[in-house]
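Report on the structure
If you want the building blocks of each chain, they are given just below.
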Amino acid sequence: MLTISDTLTADVHALAYGGDGVARCDGRVIFIPESAPGDRLRVRVTQVKKRYARAACLDLITPSPQRMAPCCRVIDPDSGEPVRVPGCCYDHLAYPAEVAAKQQQLEGLLRCLPSADSLHYEAPFHAPLPLHYRNKITLHAEHRPDGTCVGYRREASHRVLPLRSCPLACEAINALLAELPAQDGFRDLRDGDAVVLRHTPHDGACWWRAGHISPDAPPLTEASPAGPLQVARDAFFQVNPPVADALVRTVQTWFRADRAAPDILDLYCGVGVFGFALLQAGGTCLTGVESGRSAIRDAQRNARALGLDADFRCASLGRDAVDFAALIRTPSQTTVLIDPPRDGMAPGLARALATCRARRIFYVSCDPATLARDLAVLLPGGYRIARVKLFDMFPRTAHFESLVELIRSEAQG
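Keep in mind the model is a prediction, meaning the values are calculated, not measured.

Concerning the overall build of the chain
Helix and strand counts for the chain stand at eight helices and 22 strands. Seen through its principal axes, the chain has C-alpha atoms that stretch 65 × 55 × 35 Å. A total of 413 residues make up the chain; the buried ones form 53% of that total. A total accessible area of about 18,700 Å² is found for the chain, and carbon and sulfur atoms account for 51% of it. Each charge class in the chain was averaged separately, 47 positive and 46 negative side chains, and the resulting centres sit 4 Å apart.

Some points on the sheet that holds strand E3 (residues 21-25)
Taking strand neighbours across the sheet as the criterion, the six strands line up as E1-E5-E6-E4-E3-E2 in an open arrangement whose pairing is mixed. Only two strands of the sheet have a single partner each, and these edge strands are strand E1 (7-11) and strand E2 (14-15). As judged from the five bridges shared by E3 and strand E4 (residues 28-32), these two strands associate in the antiparallel manner. Its bridge partner lying in E4, Arg-24 is registered against Val-29.

Things to note about helix H5 (residues 293-306)
The periodicity of an α-helix, 3.6 residues per turn, causes residues three or four positions apart to be oriented the same way. Here H5 spans 20 Å end to end across 14 residues, near enough to the 20 Å set by a 1.5 Å rise per residue. Buried residues along H5 sit in contact with strand E15 (229-231), helix H4 (273-280), strand E17 (285-290) and strand E18 (311-314). Two residues or fewer past H5, Gly-307 is found with a positive phi of approximately 70 degrees.

Focus: the nonpolar core
Judged by nonpolar contacts, the single largest core of 65 residues is most densely connected at Ile-137, Leu-139, Val-150, Leu-197, Phe-274, Phe-312 and Leu-403. Top contributing element to this core by residue count: helix H3 (residues 241-256), with eight residues.

Observations regarding the packing of aromatic side chains
In this structure the tally under the stated criterion is four aromatic pairs. Both rings, one in Tyr-17 and one in Phe-400, keep their centres 6.0 Å apart while their planes meet at 80 degrees; by these two values the pair is edge-to-face. Taken together, the positions of Tyr-17 in the loop between E2 and E3 and Phe-400 in the loop between strand E21 (383-391) and strand E22 (401-408) put the pair 383 residues apart, joining distant regions of the chain. Seen from their ring centres, Phe-276 and Phe-312 are 5.7 Å apart, and the 75 degrees between their planes marks the pair as edge-to-face. Of this pair, Phe-276 sits in helix H4 while Phe-312 sits in strand E18, and the two are 36 residues apart along the sequence. Phe-312 matches Phe-276 in its accessibility class, with the two residues each being buried. Above the face of the Phe-391 ring, Lys-389 is positioned so that its terminal group lies 5.8 Å from the ring centre.

What about the sheet that holds E22?
A sheet is described by the order of its strands in space; here seven strands give the open sequence E18-E17-E16-E19-E20-E22-E21, paired in mixed fashion. The open sheet has two free edges, formed respectively by E18 and E21, since each of these has just one partner strand. Strand-to-strand, the axes of this sheet are offset by a mean angle of 15 degrees, without reference to chain direction. Pairing geometry for strand E19 (residues 334-338) and strand E20 (residues 360-365), over four bridges, is parallel. Pairing of Val-336 across the sheet is with Ile-361, part of E20. Packed onto the sheet, H4 meets strand E16 (263-267), E17, E18, E19 and E20 and runs at close to 170 degrees relative to E16. The strands touched by helix H8 (residues 368-378) within the sheet are E20, E21 and E22, with E20 carrying the most contacts at an inclination of about 160 degrees.

Points about unusual backbone geometry
Positive phi values are uncommon outside glycine, yet Asp-26 reaches one of about 55 degrees. Note on placement: Asp-26 falls in the loop between E3 and E4. Assessed through its relative accessible area of 42%, Asp-26 is described here as partly exposed.

Some remarks on the environment of Ala-346
Among the secondary structure elements, Ala-346 is positioned in the loop between E19 and helix H7 (349-354). Separated by 29 residues in sequence, Ala-346 and Leu-317 have C-alpha atoms that sit 6.3 Å apart. With residues near it in sequence (within four places) discarded, Ala-346 still touches Tyr-268, Leu-317 and Gly-318.

Calculation criteria
Residues numbered from 1 in each chain as written. Predicted model: local features only at pLDDT ≥ 70, side-chain atom pairs only at ≥ 80, totals over all residues. Heavy atoms only, no water. Helix = DSSP H or I, 4+ residues; strand = E, 2+ residues; numbered from the N terminus. Buried < 20%, exposed > 50% of the residue type's maximum accessible area, 1.4 Å probe, protein only. Areas by Shrake-Rupley, 256 points an atom, 1.4 Å probe, with all protein chains shown as cover. Lys, Arg positive; Asp, Glu negative; His and termini not counted. Charge placed at Lys NZ, Arg CZ, Asp CG, Glu CD. Pairing = 2+ DSSP bridges. Expected span 1.5 Å × (residues − 1). Contact = heavy atoms within 4.5 Å. Core = buried A, V, L, I, M, F, W, Y, C linked by side-chain atoms within 4.5 Å. Phe/Tyr/Trp six-rings, centres within 6.5 Å; stacked < 30°, edge-to-face > 60°. Lys NZ or Arg CZ within 6 Å of the ring centre and 35° of its normal. Axes fitted to C-alpha atoms, helices over the stretch in contact; angles between N-to-C directions.

As C-alpha coordinates, this is what we get:
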(Lines give C-alpha, C1' and ligand atoms only; values in the text may rest on other atoms or scores of the structure.)
Protein backbone atom coordinates (compact mmCIF):
# COMPACT_ATOMS: atom_id res chain seq x y z
CA MET A 1 0.00 0.00 0.00
CA LEU A 2 1.50 3.29 -1.11
CA THR A 3 1.68 6.12 1.40
CA ILE A 4 2.97 9.67 1.19
CA SER A 5 6.78 9.89 1.59
CA ASP A 6 7.33 6.31 0.43
CA THR A 7 10.40 5.97 -1.78
CA LEU A 8 10.53 3.46 -4.62
CA THR A 9 12.07 2.68 -7.99
CA ALA A 10 9.87 3.61 -10.95
CA ASP A 11 10.17 2.82 -14.65
CA VAL A 12 8.53 5.47 -16.84
CA HIS A 13 6.80 4.02 -19.89
CA ALA A 14 4.80 6.95 -21.32
CA LEU A 15 3.92 10.64 -20.96
CA ALA A 16 0.43 11.71 -19.90
CA TYR A 17 -1.34 14.70 -21.42
CA GLY A 18 0.08 17.58 -19.42
CA GLY A 19 3.65 16.28 -19.51
CA ASP A 20 4.05 14.02 -16.47
CA GLY A 21 5.77 10.68 -16.91
CA VAL A 22 3.66 7.58 -16.26
CA ALA A 23 4.82 4.59 -14.17
CA ARG A 24 2.95 1.88 -12.27
CA CYS A 25 3.25 0.52 -8.75
CA ASP A 26 0.91 -1.26 -6.33
CA GLY A 27 -1.90 -1.26 -8.91
CA ARG A 28 -1.79 2.51 -9.33
CA VAL A 29 -0.60 4.82 -12.04
CA ILE A 30 2.14 7.12 -10.75
CA PHE A 31 2.62 10.53 -12.37
CA ILE A 32 6.18 11.91 -12.21
CA PRO A 33 6.99 15.43 -13.47
CA GLU A 34 10.12 16.10 -15.56
CA SER A 35 10.59 12.45 -16.48
CA ALA A 36 10.88 10.71 -19.85
CA PRO A 37 9.82 7.33 -21.28
CA GLY A 38 12.65 4.90 -20.59
CA ASP A 39 13.76 6.58 -17.35
CA ARG A 40 14.41 4.48 -14.26
CA LEU A 41 14.02 6.76 -11.26
CA ARG A 42 14.18 6.76 -7.52
CA VAL A 43 11.10 8.73 -6.47
CA ARG A 44 9.29 9.93 -3.34
CA VAL A 45 5.50 9.71 -3.25
CA THR A 46 3.91 13.14 -2.75
CA GLN A 47 0.20 12.37 -3.19
CA VAL A 48 -1.92 9.22 -3.05
CA LYS A 49 -5.42 8.85 -4.52
CA LYS A 50 -7.62 5.80 -5.06
CA ARG A 51 -6.52 5.20 -8.66
CA TYR A 52 -3.28 7.14 -8.97
CA ALA A 53 -0.40 8.71 -7.10
CA ARG A 54 2.09 11.49 -7.72
CA ALA A 55 5.79 11.39 -7.02
CA ALA A 56 8.90 13.56 -7.25
CA CYS A 57 12.21 12.35 -8.65
CA LEU A 58 14.97 11.90 -6.08
CA ASP A 59 17.56 10.30 -8.34
CA LEU A 60 17.88 9.46 -12.04
CA ILE A 61 19.14 5.88 -11.93
CA THR A 62 19.09 5.17 -15.67
CA PRO A 63 18.32 8.05 -18.03
CA SER A 64 16.13 7.57 -21.07
CA PRO A 65 17.86 7.84 -24.47
CA GLN A 66 15.14 10.38 -25.28
CA ARG A 67 16.50 12.84 -22.72
CA MET A 68 18.44 15.98 -23.62
CA ALA A 69 19.98 18.84 -21.69
CA PRO A 70 17.13 21.07 -20.41
CA CYS A 71 16.63 24.04 -22.72
CA CYS A 72 14.08 26.22 -20.89
CA ARG A 73 15.80 27.02 -17.59
CA VAL A 74 16.48 30.40 -15.99
CA ILE A 75 18.14 31.41 -12.74
CA ASP A 76 15.74 31.89 -9.86
CA PRO A 77 16.92 35.09 -8.09
CA ASP A 78 15.50 33.85 -4.79
CA SER A 79 17.47 30.58 -4.74
CA GLY A 80 20.24 31.24 -7.24
CA GLU A 81 19.42 27.86 -8.83
CA PRO A 82 18.31 27.15 -12.41
CA VAL A 83 14.58 26.40 -12.61
CA ARG A 84 12.27 25.42 -15.43
CA VAL A 85 10.35 28.20 -17.13
CA PRO A 86 6.68 27.70 -16.11
CA GLY A 87 4.80 25.64 -18.66
CA CYS A 88 7.86 24.21 -20.44
CA CYS A 89 7.16 20.63 -19.34
CA TYR A 90 9.07 19.01 -22.24
CA ASP A 91 12.27 21.04 -22.17
CA HIS A 92 14.29 17.93 -21.15
CA LEU A 93 12.98 15.76 -24.00
CA ALA A 94 14.38 15.41 -27.51
CA TYR A 95 11.97 17.19 -29.82
CA PRO A 96 10.97 14.17 -32.00
CA ALA A 97 10.14 12.28 -28.80
CA GLU A 98 7.97 15.19 -27.64
CA VAL A 99 5.91 15.13 -30.83
CA ALA A 100 5.62 11.34 -30.66
CA ALA A 101 4.35 11.61 -27.09
CA LYS A 102 1.77 14.22 -28.09
CA GLN A 103 0.59 12.00 -30.93
CA GLN A 104 0.13 9.12 -28.48
CA GLN A 105 -1.81 11.42 -26.15
CA LEU A 106 -4.12 12.55 -28.96
CA GLU A 107 -4.79 8.97 -30.04
CA GLY A 108 -5.35 7.92 -26.42
CA LEU A 109 -7.94 10.64 -25.81
CA LEU A 110 -9.81 9.79 -29.03
CA ARG A 111 -9.72 6.05 -28.30
CA CYS A 112 -13.09 6.22 -26.54
CA LEU A 113 -14.87 7.34 -29.73
CA PRO A 114 -16.85 4.98 -31.96
CA SER A 115 -14.67 3.29 -34.62
CA ALA A 116 -11.55 4.72 -32.96
CA ASP A 117 -9.51 1.73 -34.10
CA SER A 118 -10.09 2.65 -37.75
CA LEU A 119 -9.28 6.36 -37.46
CA HIS A 120 -6.84 7.66 -40.06
CA TYR A 121 -4.09 9.78 -38.50
CA GLU A 122 -1.92 11.75 -40.87
CA ALA A 123 1.72 12.28 -39.91
CA PRO A 124 2.05 15.03 -37.26
CA PHE A 125 3.44 18.40 -38.31
CA HIS A 126 6.63 19.25 -36.41
CA ALA A 127 7.34 22.89 -35.67
CA PRO A 128 10.30 24.18 -37.71
CA LEU A 129 11.54 25.97 -34.56
CA PRO A 130 11.17 24.09 -31.24
CA LEU A 131 12.43 27.25 -29.47
CA HIS A 132 12.14 31.00 -30.10
CA TYR A 133 8.95 30.60 -32.12
CA ARG A 134 6.37 32.66 -30.21
CA ASN A 135 5.35 36.02 -31.69
CA LYS A 136 3.45 36.93 -28.51
CA ILE A 137 4.01 36.39 -24.80
CA THR A 138 2.11 37.62 -21.74
CA LEU A 139 4.12 38.29 -18.59
CA HIS A 140 3.18 39.71 -15.18
CA ALA A 141 4.73 42.55 -13.23
CA GLU A 142 5.93 42.28 -9.65
CA HIS A 143 7.54 44.87 -7.38
CA ARG A 144 10.62 43.45 -5.67
CA PRO A 145 13.17 45.06 -3.30
CA ASP A 146 15.57 45.51 -6.22
CA GLY A 147 12.92 47.04 -8.49
CA THR A 148 10.05 46.08 -10.75
CA CYS A 149 10.43 42.89 -12.76
CA VAL A 150 8.30 41.03 -15.29
CA GLY A 151 8.07 37.30 -15.83
CA TYR A 152 5.84 34.26 -15.87
CA ARG A 153 3.88 33.32 -12.80
CA ARG A 154 5.38 30.32 -11.09
CA GLU A 155 3.45 27.09 -11.37
CA ALA A 156 0.78 26.86 -8.62
CA SER A 157 1.65 30.36 -7.42
CA HIS A 158 1.02 34.03 -8.08
CA ARG A 159 4.69 34.83 -7.50
CA VAL A 160 6.60 35.92 -10.59
CA LEU A 161 9.72 34.25 -11.96
CA PRO A 162 11.68 37.20 -13.42
CA LEU A 163 12.80 36.79 -17.03
CA ARG A 164 15.53 38.55 -18.95
CA SER A 165 14.61 36.49 -22.00
CA CYS A 166 12.07 33.79 -22.81
CA PRO A 167 13.32 30.59 -24.47
CA LEU A 168 10.06 30.33 -26.43
CA ALA A 169 9.86 33.96 -27.61
CA CYS A 170 11.19 35.11 -30.95
CA GLU A 171 14.43 37.09 -31.00
CA ALA A 172 12.71 40.44 -31.59
CA ILE A 173 10.55 40.01 -28.48
CA ASN A 174 13.56 39.03 -26.36
CA ALA A 175 15.43 42.11 -27.57
CA LEU A 176 12.48 44.28 -26.50
CA LEU A 177 12.19 42.41 -23.19
CA ALA A 178 15.81 43.25 -22.38
CA GLU A 179 15.07 46.95 -23.01
CA LEU A 180 11.71 47.00 -21.24
CA PRO A 181 12.85 48.60 -17.93
CA ALA A 182 13.98 51.67 -19.88
CA GLN A 183 10.74 51.99 -21.86
CA ASP A 184 8.19 54.72 -21.18
CA GLY A 185 5.42 53.40 -18.97
CA PHE A 186 7.41 50.57 -17.38
CA ARG A 187 7.70 52.36 -14.04
CA ASP A 188 3.92 52.81 -14.00
CA LEU A 189 3.33 49.05 -13.85
CA ARG A 190 1.55 47.79 -10.75
CA ASP A 191 1.86 44.45 -9.00
CA GLY A 192 0.02 41.81 -11.01
CA ASP A 193 -0.32 43.85 -14.21
CA ALA A 194 -0.28 41.68 -17.33
CA VAL A 195 2.28 42.84 -19.88
CA VAL A 196 1.90 41.76 -23.51
CA LEU A 197 4.87 41.67 -25.89
CA ARG A 198 4.01 41.19 -29.56
CA HIS A 199 5.89 40.99 -32.85
CA THR A 200 4.97 40.96 -36.52
CA PRO A 201 7.42 41.34 -39.43
CA HIS A 202 5.40 44.34 -40.64
CA ASP A 203 5.17 46.21 -37.32
CA GLY A 204 8.23 45.02 -35.41
CA ALA A 205 8.10 44.38 -31.65
CA CYS A 206 5.82 46.32 -29.33
CA TRP A 207 4.39 46.00 -25.82
CA TRP A 208 1.45 47.23 -23.78
CA ARG A 209 -0.25 46.77 -20.46
CA ALA A 210 -3.18 44.39 -20.95
CA GLY A 211 -6.50 46.21 -20.85
CA HIS A 212 -4.87 49.59 -21.49
CA ILE A 213 -4.62 49.77 -25.27
CA SER A 214 -5.13 53.27 -26.60
CA PRO A 215 -8.24 53.66 -28.78
CA ASP A 216 -5.92 55.31 -31.31
CA ALA A 217 -3.53 52.35 -31.46
CA PRO A 218 -3.47 51.05 -35.04
CA PRO A 219 -4.07 47.37 -35.70
CA LEU A 220 -1.17 45.06 -36.39
CA THR A 221 -0.59 43.47 -39.79
CA GLU A 222 -0.21 39.68 -39.84
CA ALA A 223 0.88 37.57 -42.78
CA SER A 224 -1.33 34.58 -43.61
CA PRO A 225 -1.89 32.14 -46.48
CA ALA A 226 -4.94 34.24 -47.40
CA GLY A 227 -2.86 37.44 -47.59
CA PRO A 228 -2.01 40.23 -45.11
CA LEU A 229 -4.59 40.64 -42.35
CA GLN A 230 -5.34 43.54 -40.02
CA VAL A 231 -5.53 42.32 -36.42
CA ALA A 232 -6.48 44.40 -33.39
CA ARG A 233 -3.78 44.34 -30.74
CA ASP A 234 -5.96 42.52 -28.24
CA ALA A 235 -7.41 40.06 -30.79
CA PHE A 236 -6.54 36.38 -30.94
CA PHE A 237 -4.04 35.23 -33.54
CA GLN A 238 -1.89 32.09 -33.53
CA VAL A 239 1.52 32.56 -31.89
CA ASN A 240 3.60 30.23 -34.10
CA PRO A 241 3.39 31.59 -37.68
CA PRO A 242 4.99 28.67 -39.62
CA VAL A 243 2.81 26.08 -37.91
CA ALA A 244 -0.30 28.27 -38.20
CA ASP A 245 0.34 28.65 -41.94
CA ALA A 246 0.74 24.88 -42.31
CA LEU A 247 -2.57 24.35 -40.49
CA VAL A 248 -4.43 26.78 -42.76
CA ARG A 249 -2.90 25.29 -45.91
CA THR A 250 -3.86 21.78 -44.79
CA VAL A 251 -7.47 22.89 -44.30
CA GLN A 252 -7.35 24.32 -47.84
CA THR A 253 -6.00 21.05 -49.24
CA TRP A 254 -8.64 18.94 -47.49
CA PHE A 255 -11.34 21.38 -48.59
CA ARG A 256 -10.29 21.11 -52.26
CA ALA A 257 -10.57 17.31 -52.08
CA ASP A 258 -14.39 17.54 -51.92
CA ARG A 259 -15.85 20.42 -53.94
CA ALA A 260 -19.43 19.36 -53.29
CA ALA A 261 -19.66 21.56 -50.16
CA PRO A 262 -18.48 25.06 -51.22
CA ASP A 263 -20.69 27.06 -48.82
CA ILE A 264 -18.65 27.95 -45.73
CA LEU A 265 -19.83 28.61 -42.17
CA ASP A 266 -16.90 29.70 -40.01
CA LEU A 267 -17.70 29.54 -36.28
CA TYR A 268 -15.38 31.32 -33.82
CA CYS A 269 -14.07 32.98 -36.98
CA GLY A 270 -11.77 35.56 -35.36
CA VAL A 271 -10.39 37.95 -37.97
CA GLY A 272 -11.35 35.57 -40.78
CA VAL A 273 -8.19 33.69 -41.74
CA PHE A 274 -9.70 30.21 -42.21
CA GLY A 275 -12.79 31.45 -44.02
CA PHE A 276 -10.78 33.63 -46.40
CA ALA A 277 -8.40 30.76 -47.14
CA LEU A 278 -11.33 28.47 -47.99
CA LEU A 279 -12.92 31.08 -50.25
CA GLN A 280 -9.62 31.29 -52.11
CA ALA A 281 -9.54 27.47 -52.31
CA GLY A 282 -12.84 27.31 -54.17
CA GLY A 283 -15.52 28.29 -51.68
CA THR A 284 -18.50 30.16 -53.07
CA CYS A 285 -19.85 32.00 -50.01
CA LEU A 286 -18.69 32.64 -46.45
CA THR A 287 -20.53 33.43 -43.23
CA GLY A 288 -18.45 34.00 -40.11
CA VAL A 289 -19.67 34.15 -36.50
CA GLU A 290 -17.57 35.57 -33.66
CA SER A 291 -18.31 37.11 -30.26
CA GLY A 292 -15.61 39.80 -30.31
CA ARG A 293 -16.77 43.04 -31.90
CA SER A 294 -13.25 44.21 -32.71
CA ALA A 295 -12.51 40.87 -34.41
CA ILE A 296 -15.67 41.21 -36.51
CA ARG A 297 -14.63 44.73 -37.52
CA ASP A 298 -11.20 43.40 -38.49
CA ALA A 299 -12.76 40.52 -40.46
CA GLN A 300 -14.99 42.91 -42.38
CA ARG A 301 -12.04 45.21 -43.11
CA ASN A 302 -9.89 42.25 -44.19
CA ALA A 303 -12.58 40.96 -46.54
CA ARG A 304 -12.72 44.34 -48.27
CA ALA A 305 -8.94 44.55 -48.53
CA LEU A 306 -8.70 41.05 -50.01
CA GLY A 307 -11.60 41.66 -52.41
CA LEU A 308 -13.65 38.82 -50.92
CA ASP A 309 -17.42 38.77 -50.40
CA ALA A 310 -18.25 37.57 -46.89
CA ASP A 311 -20.89 38.06 -44.20
CA PHE A 312 -19.64 38.39 -40.62
CA ARG A 313 -21.96 38.39 -37.62
CA CYS A 314 -21.27 39.21 -34.00
CA ALA A 315 -22.81 36.62 -31.67
CA SER A 316 -21.73 34.74 -28.57
CA LEU A 317 -22.04 31.08 -29.49
CA GLY A 318 -23.85 29.22 -26.74
CA ARG A 319 -25.28 32.40 -25.23
CA ASP A 320 -26.95 34.30 -28.05
CA ALA A 321 -29.61 32.56 -30.11
CA VAL A 322 -28.08 31.36 -33.39
CA ASP A 323 -30.46 30.26 -36.15
CA PHE A 324 -28.52 27.46 -37.84
CA ALA A 325 -31.41 26.82 -40.21
CA ALA A 326 -30.84 30.32 -41.60
CA LEU A 327 -27.04 30.00 -41.59
CA ILE A 328 -27.06 26.57 -43.27
CA ARG A 329 -29.68 26.82 -46.00
CA THR A 330 -28.33 23.93 -48.10
CA PRO A 331 -26.75 21.44 -45.69
CA SER A 332 -25.55 19.09 -48.44
CA GLN A 333 -23.46 21.93 -49.89
CA THR A 334 -22.12 23.33 -46.59
CA THR A 335 -18.73 23.04 -44.91
CA VAL A 336 -18.64 24.15 -41.26
CA LEU A 337 -15.32 25.17 -39.73
CA ILE A 338 -15.03 25.35 -35.94
CA ASP A 339 -12.02 26.83 -34.12
CA PRO A 340 -13.16 27.20 -30.49
CA PRO A 341 -11.09 28.24 -27.46
CA ARG A 342 -9.48 25.66 -25.18
CA ASP A 343 -12.80 25.00 -23.42
CA GLY A 344 -14.17 23.59 -26.66
CA MET A 345 -17.57 24.35 -28.11
CA ALA A 346 -20.07 26.24 -26.01
CA PRO A 347 -22.73 24.07 -24.29
CA GLY A 348 -25.39 23.01 -26.73
CA LEU A 349 -23.44 24.02 -29.84
CA ALA A 350 -22.20 20.50 -30.58
CA ARG A 351 -25.77 19.17 -30.26
CA ALA A 352 -27.04 21.87 -32.60
CA LEU A 353 -24.35 21.09 -35.17
CA ALA A 354 -25.05 17.37 -34.92
CA THR A 355 -28.58 18.00 -36.16
CA CYS A 356 -27.82 20.62 -38.82
CA ARG A 357 -26.81 17.95 -41.40
CA ALA A 358 -23.93 19.93 -42.93
CA ARG A 359 -21.99 17.75 -45.37
CA ARG A 360 -18.60 18.35 -43.75
CA ILE A 361 -17.14 19.78 -40.53
CA PHE A 362 -13.56 20.84 -39.93
CA TYR A 363 -12.78 21.00 -36.21
CA VAL A 364 -9.60 22.87 -35.21
CA SER A 365 -8.84 22.14 -31.56
CA CYS A 366 -6.22 23.32 -29.07
CA ASP A 367 -7.28 20.82 -26.39
CA PRO A 368 -7.66 17.11 -27.22
CA ALA A 369 -9.80 16.43 -24.14
CA THR A 370 -12.53 18.90 -25.11
CA LEU A 371 -12.14 17.79 -28.73
CA ALA A 372 -12.95 14.20 -27.71
CA ARG A 373 -15.91 15.43 -25.66
CA ASP A 374 -17.37 17.40 -28.58
CA LEU A 375 -16.74 14.66 -31.15
CA ALA A 376 -18.66 12.22 -28.95
CA VAL A 377 -21.70 14.49 -29.45
CA LEU A 378 -21.17 15.11 -33.17
CA LEU A 379 -20.59 11.55 -34.30
CA PRO A 380 -24.09 10.23 -33.42
CA GLY A 381 -25.47 12.94 -35.70
CA GLY A 382 -24.50 10.86 -38.72
CA TYR A 383 -20.85 11.87 -39.01
CA ARG A 384 -17.70 9.83 -39.32
CA ILE A 385 -14.12 11.01 -38.84
CA ALA A 386 -12.35 11.05 -42.20
CA ARG A 387 -8.87 12.03 -40.92
CA VAL A 388 -6.98 13.59 -38.05
CA LYS A 389 -3.70 15.54 -38.01
CA LEU A 390 -1.68 16.99 -35.14
CA PHE A 391 0.15 20.33 -35.47
CA ASP A 392 2.73 21.07 -32.79
CA MET A 393 1.87 24.74 -32.38
CA PHE A 394 3.40 25.01 -28.89
CA PRO A 395 6.71 23.09 -28.65
CA ARG A 396 8.15 22.44 -25.19
CA THR A 397 4.70 22.89 -23.61
CA ALA A 398 1.87 20.42 -23.01
CA HIS A 399 -0.33 21.98 -25.70
CA PHE A 400 -0.82 21.27 -29.40
CA GLU A 401 -3.39 21.81 -32.15
CA SER A 402 -5.42 19.11 -33.87
CA LEU A 403 -7.38 19.18 -37.11
CA VAL A 404 -10.26 16.74 -37.60
CA GLU A 405 -12.39 16.34 -40.73
CA LEU A 406 -15.89 14.93 -40.23
CA ILE A 407 -18.08 13.81 -43.12
CA ARG A 408 -21.76 12.95 -42.98
CA SER A 409 -21.94 9.21 -43.58
CA GLU A 410 -24.74 9.60 -46.11
CA ALA A 411 -22.51 11.97 -48.12
CA GLN A 412 -20.20 9.06 -48.96
CA GLY A 413 -20.97 6.52 -51.56
